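Descriptive analysis of the structure
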Amino acid sequence: VQLQASGGGLVQAGGSLRLSCAASVSMFSLNTTGWYRQAAGKERELVTRLTSGGTTYYADSVKGRFTISRDNAKNTVYLQMNSLKPEDTAVYYCNADSVYGSGYKFYWGQGTLVTVSS
């Protein structure tokens, strides 16, 4: 499984960006999809995830501002980011997992940089 993230860039505080993550396989073969981010000097953190059943999770820092969605026909996961803040600046990574035997297998995209200027 390959994940290709895109959509990062430079935006002013208060602006919006939409990240995309295209999967090389059908979304129906994936379990949970999500986005993580890693700011300079910090550990990678979970931003949001979406289960195959439609359950979502958002980190407190992005609740009400970010929305994860999935287009099964395009095998793509999106992250709509509104009201961006300078502290949202990070490399964003898409992530997915699939059932593998009695456990799960995890996949990562290559990361896309989001820079929010004040």
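Up top is the structure these notes are about.
Procedures and definitions
- Residues numbered from 1 in each chain as written.
- Predicted model: local features only at pLDDT ≥ 70, side-chain atom pairs only at ≥ 80, totals over all residues.
- Heavy atoms only, no water.
- 1 Å grid on protein atoms, 1.4 Å probe; cavity = no way out; pocket = protein on both sides within 12 Å on 5 of 7 lines; lining within 4 Å.
- Points joined across faces, edges and corners; volume = space filled by probe spheres on them.
- Helix = DSSP H or I, 4+ residues; strand = E, 2+ residues; numbered from the N terminus.
- Nonpolar A, V, L, I, M, F, W, Y, C, P; charged D, E, K, R; others polar.
- Core = buried A, V, L, I, M, F, W, Y, C linked by side-chain atoms within 4.5 Å.
- Buried < 20%, exposed > 50% of the residue type's maximum accessible area, 1.4 Å probe, protein only.
- Contact = heavy atoms within 4.5 Å.
- Disulfide = S-S within 2.5 Å.
- Salt bridge = Lys/Arg side-chain N within 4 Å of Asp/Glu carboxyl O.
- Pairing = 2+ DSSP bridges.
- Axes fitted to C-alpha atoms, helices over the stretch in contact; angles between N-to-C directions.
- Phe/Tyr/Trp six-rings, centres within 6.5 Å; stacked < 30°, edge-to-face > 60°.
- Lys NZ or Arg CZ within 6 Å of the ring centre and 35° of its normal.

Turning to empty space enclosed by the protein, a few remarks are in order. Throughout the structure, instances matching the rule amount to one cavity of 30 Å³ or more. Of the pockets and cavities examined, the largest cavity occupies roughly 30 Å³. Forming the boundary of the largest cavity are L3, C21, A23, M27, L30, T33, G34, V77, C94, N95 and A96. Taken together, the elements giving at least two residues each to the lining of the largest cavity come down to β3 (17–23), β4 (33–38) and β9 (90–100). Residue composition of the lining of the largest cavity, by class: eight nonpolar, three polar and no charged.

Core analysis: the largest hydrophobic core is formed by 28 residues, its most contacted members being W35, F66, M81 and Y92. Counting only elements with at least two residues in this core, the list comes to β1 (3–6), β3, β5 (45–50), β7 (66–71), β8 (76–81), β9 and β11 (112–117). Excluding residues that lie within four positions of it along the chain, M81 makes contacts with G15, S16, L17, L19, R65, F66, Y92 and V114.

With that settled, the discussion passes to the state of the cysteines. Going through the model one piece at a time under the given rule, you end up with one disulfide. Bridging C21 to C94, the disulfide has an S-S length of 2.2 Å. Judged by the torsion about the S-S bond (60°), the C21/C94 disulfide is right-handed. Within this pair, whereas C21 is found in strand β3, its partner C94 is found in strand β9, the two being separated by 73 residues in sequence. Per residue, the accessibility class of C21 equals that of C94, and both read buried.

The subject of this paragraph is the pattern of salt bridges. The tally for this structure, following the rule as stated, stands at four salt bridges. We note a salt bridge from R37 to E45, for which the minimum N-O separation is 2.7 Å. For the salt bridge of K63 with D60, the shortest nitrogen-to-oxygen distance reads 3.1 Å. Judged on exposure class, the residue K63 and its partner D60 are both exposed. Bridged by salt links that share partners, the residues R37, E45, R65 and D88 form one connected network.

Let's shift gears to the sheet that holds β3. Pairing is antiparallel in the open sheet, where four strands are placed in the order β1-β3-β8-β7. One side of each edge strand has no neighbouring strand; the edge strands of this open sheet are β1 and β7. Strand after strand, the sheet turns through a mean of 15° between neighbouring axes, direction not considered. Pairing of β7 with β8 involves six bridges; the strand directions are antiparallel.

The next point concerns the packing of aromatic side chains. Throughout the structure, instances matching the rule amount to one aromatic pair. Here the basic side chain of R44 rests over the ring of Y93, its NZ or CZ set 3.7 Å away from the ring centre. Here the guanidinium or amino end of R44 rests over the ring plane of W108, the centre of that ring lying 4.7 Å away.

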